[in-house]
Amino acid sequence: MSANARQLTLNLFIYPGGHHEAAWRYPASEPKRVLDITYYQELARRAEAAKFDAIFFADGPSLPENVRYSSRVRFEPLTWLSAIAAVTERIGLIATSSTTYNEPYNLARLFASLDHLSNGRAGWNIVTTSDAGAAQNFGLPEHPPHGERYEKAREFLDVVSKLWDSWEDDAFVADPESGVFADGSKVHRIDHVGRHYRVRGPLNVARSPQGRPVYVQAGSSEDGRSFAAQFAEAIFTAHQTLPSAQEFYRDIKTRATALGRRPEHIRVLPGISPFLGSTQAEAERLEEEINELIQPAASLEQLKRMVGLDLTGFDLDGPFPRHLVDTNGPKGVASRFQLIVDIVDRENPTIRQLIRRLAGARGHRVVVGTPDHVADEIQTWFEQGAADGFNVMPPYLTGGFDTFVAEVVPILRKRGLFRHDYTGSTLREHYGLPRPESIFAAEQRQSA
């Protein structure tokens, strides 16, 4: 293998009880540890020992209604990742935080702090929040429309970026002999005045090891694609078929190139949830065992959130009522909505079959089979223009991840697709991304 051969990016996407909706009920799971920080620290150390690029923690600022049957409680991500940073050294730390329900200055300070605490391993998964129920937790009468949320997100990101740049790299001096703590000429107010925000700055945290955290984005709608092509350095996405993933990959890279960006500086990372067995039959039995633990009421509630259709009281073994889906409603612009409609149109499932599909990983690709079969799928998508790597989404924890590391990762290494050891120490280095220059430093250099 050439030293410059393209390598897979692998993140461990940690969902507290595992990614299958019913995973917390599976005997090998540990549901009572979902609020035990040592549980997550152990997982992170295992992912680091396997040389994964990053761990990723999803989040939302509201409690879903189906908490009666589903594992939905979780830590606030930045607090959680600070505890992870203390017991790891190299693995990247990616947290979800909403542009709709945060203020730019606070968020910039939080992520800059995490980047310092971790010596350059922070990543920000930028979301606009799709759950309309969050609005009332923040005193808002209603959830902002999809397009408005993305418009606000662009300004939010502009403010945060300028705040992270407000200290030039060499502004922090701390020289006892001269008595200079910071070079004030290299610390800048941003004086941002926009439609949604007025922020003076500068940030009260010096420029962080990566310059700024890695920008991650999740969303494949038209607004999401446009936003990702302009700003994202890694994209988390969900696809059921190779052609769909290839179309998304090609579209994002083309859009980014048209904006003057280098396409290799964007990592497209679909989710994959592997059910593994020593034989195909064994893997299928594992999936069936966990599927049998599904609470239909919880799955129907999840389906209602995704497509806006309440199927309570319908025959689960009857056909999914495609004609009742409102494709012109507010949910119709969401990428996950379209993914589900595509499954229905392609496969014509019963309601039970559909909720089982979605219970596996909420619309991400579920692969059932032997380690070689799962490795084949990963290699195919990687080599045929569908992915730069994957968010690995174990159906249950911790065993689902342990099996992947023990049995799939060695195959990927043998095929020359995944690293044997880290070659860098920051998340940007793991992803092969450049360290950005402060916009203020760049302006001074150009005017010199």
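As shown above, the structure is provided for reference.
The structure reproduced in this document is the subject of the present report.

Analysis parameters
Residues numbered from 1 in each chain as written. Predicted model: local features only at pLDDT ≥ 70, side-chain atom pairs only at ≥ 80, totals over all residues. Heavy atoms only, no water. Helix = DSSP H or I, 4+ residues; strand = E, 2+ residues; numbered from the N terminus. Rg over C-alpha atoms; globule rule 2.2 N^0.38 Å. Contact = heavy atoms within 4.5 Å. Areas by Shrake-Rupley, 256 points an atom, 1.4 Å probe, with all protein chains shown as cover. Lys, Arg positive; Asp, Glu negative; His and termini not counted. Charge placed at Lys NZ, Arg CZ, Asp CG, Glu CD. Buried < 20%, exposed > 50% of the residue type's maximum accessible area, 1.4 Å probe, protein only. Polar contact = N/O pair within 3.5 Å; in protein donor to acceptor, adjacent residues only side chain to side chain. Expected span 1.5 Å × (residues − 1). Phe/Tyr/Trp six-rings, centres within 6.5 Å; stacked < 30°, edge-to-face > 60°. Pairing = 2+ DSSP bridges. Axes fitted to C-alpha atoms, helices over the stretch in contact; angles between N-to-C directions. Parallel < 35°, antiparallel > 145°, perpendicular 65-115°, else oblique. Nonpolar A, V, L, I, M, F, W, Y, C, P; charged D, E, K, R; others polar.

Helices and strands together make up the secondary structure of the protein, namely 14 helices and 13 strands. In summary, the protein has a C-alpha radius of gyration of 22 Å against a globular reference of 22 Å for 448 residues, a match within 12%. Principal axes of the C-alpha set define a box for the protein whose edges measure 75 × 55 × 45 Å. Here the analysis covers contacts within the protein between residues at least 6 apart in sequence; of these, 78% occur between residues at least 24 apart. Here the protein displays about 19,200 Å² of accessible surface, and carbon together with sulfur accounts for 49% of that area. For the protein, the separation between the mean place of its 50 positive charges and that of its 57 negative charges on side chains is 1 Å.

Tracing the backbone shows Ser226 in helix H5 (residues 222-231). Ser226 sits in the partly exposed class, given a relative accessible area of 28%. Along the sequence, Ser226 and Ala135 sit 91 residues apart, while their C-alpha atoms lie 25 Å from each other. In contact with Ser226, not counting residues within four places along its chain, are Arg154 and Arg255. Here the side chain of Ser226 touches Arg154 through a polar contact of 2.9 Å, side chain to side chain.

A word on helix H11 (residues 371-383). Here H11 is 13 residues long and its end C-alpha atoms lie 18 Å apart, about the 18 Å a rise of 1.5 Å per residue gives. For H11, the set of buried residues is Pro371, Val374, Ala375, Glu377, Ile378, Gln379, Trp381 and Phe382. Once H11 finishes, Gly385 follows within two positions and takes phi at roughly 70°, a positive value.

With that out of the way, let us pick up the packing of aromatic side chains. Scanning all chains against the criterion turns up 23 aromatic pairs. Residues Phe111 and Trp124 carry aromatic rings whose centres are separated by 5.9 Å and whose planes lie at 40° to one another, so their mutual orientation is tilted. Taken together, the residues span a long stretch of sequence, with Phe111 in helix H3 (residues 104-117) and Trp124 in strand S4 (residues 122-127) at a distance of 13 residues. Taking relative accessible area as the criterion, Trp124 reaches 0% and is therefore assigned buried.

Given a rise of 1.5 Å per residue, 13 residues ought to cover 18 Å, and the 18 Å separating the end C-alpha atoms of helix H1 (residues 37-49) matches this to within 8%. Residues of H1 that are buried: Tyr39, Tyr40, Gln41, Leu43, Ala44, Ala47 and Glu48. Buried residues along H1 sit against strand S1 (9-14), strand S2 (54-57), helix H2 (77-85) and helix H12 (399-414). Count one or two residues on from H1 and you reach Lys51, which has phi positive near 70°.

This next bit is on unusual backbone geometry. Cis geometry is adopted by the peptide bond preceding Pro202, which originates at Gly201 and carries an omega value of -5°. By the element assignment, Pro202 lies in the loop between strand S8 (198-199) and strand S9 (214-218). Note that the residue after Leu397, namely Thr398, is joined by a cis bond; omega there is 10°. Here Thr398 shows up in the loop between strand S13 (389-392) and H12. Even without being a glycine, Asp191 presents a positive backbone phi close to 45°. Counting through the fold element by element, Asp191 comes out in the loop between strand S6 (180-182) and strand S7 (192-193). With a relative accessible area of 44%, Asp191 lands in the partly exposed category.

This paragraph deals with the pairing of S9. Most of S9 is tucked away, with 4 of its 5 residues classed as buried. Relative to S9, S4 runs parallel, the two sharing 4 bridges. By the bridge assignment, Gly123 is partnered in S9 with Val214. Bridging between S9 and strand S10 (residues 234-237) involves 3 bridges; their strand directions are parallel.

Among the structural elements, Tyr431 can be located in helix H13 (residues 427-431). Sequence-wise, Tyr431 and Arg267 are 164 residues apart; in three dimensions their C-alpha atoms are separated by 7.4 Å. In this structure, Tyr431 is in contact with Thr9, Asn11, Asp53, Ala54, Ile94, Val214, Ala234, Arg267 and Leu269, ignoring residues within four places of it in sequence.

Let us look at the packing of helix H8 (residues 296-307) against helix H10 (residues 351-361). Where H8 meets H10, the closest approach of the two axes is 10 Å, and the angle between their N-to-C directions is 80°. Here H10 runs roughly perpendicular to H8, going by the angle between their axes. Where H8 abuts H10, its residues Ser299, Leu300, Gln302, Leu303 and Met306 lie against Ile351, Leu354, Ile355, Leu358 and Ala359. For the contact of H8 with H10, the per-class residue count stands at 8 nonpolar, 2 polar and no charged.

Following the sequence through the fold, Ile340 ends up in helix H9 (residues 335-347). For the pair formed by Ile340 and Val307, sequence separation is 33 residues and the distance between their alpha carbons is 7.8 Å. Ignoring anything within four residues of it in the chain, the contact list for Ile340 reads Leu303, Met306, Val307, Leu354 and Leu358.

Within a regular strand, side chains alternate between the sheet's two faces. Where S1 and S13 come together, 4 bridges link them in parallel fashion. Among the inter-strand pairings, Leu10 is bridged to a residue of S13, identified as Phe390. As judged from the 2 bridges shared by strand S11 (residues 267-276) and S13, these two strands associate in the parallel manner. Following the sheet pairing, Ile272 is matched in S13 by Val392.

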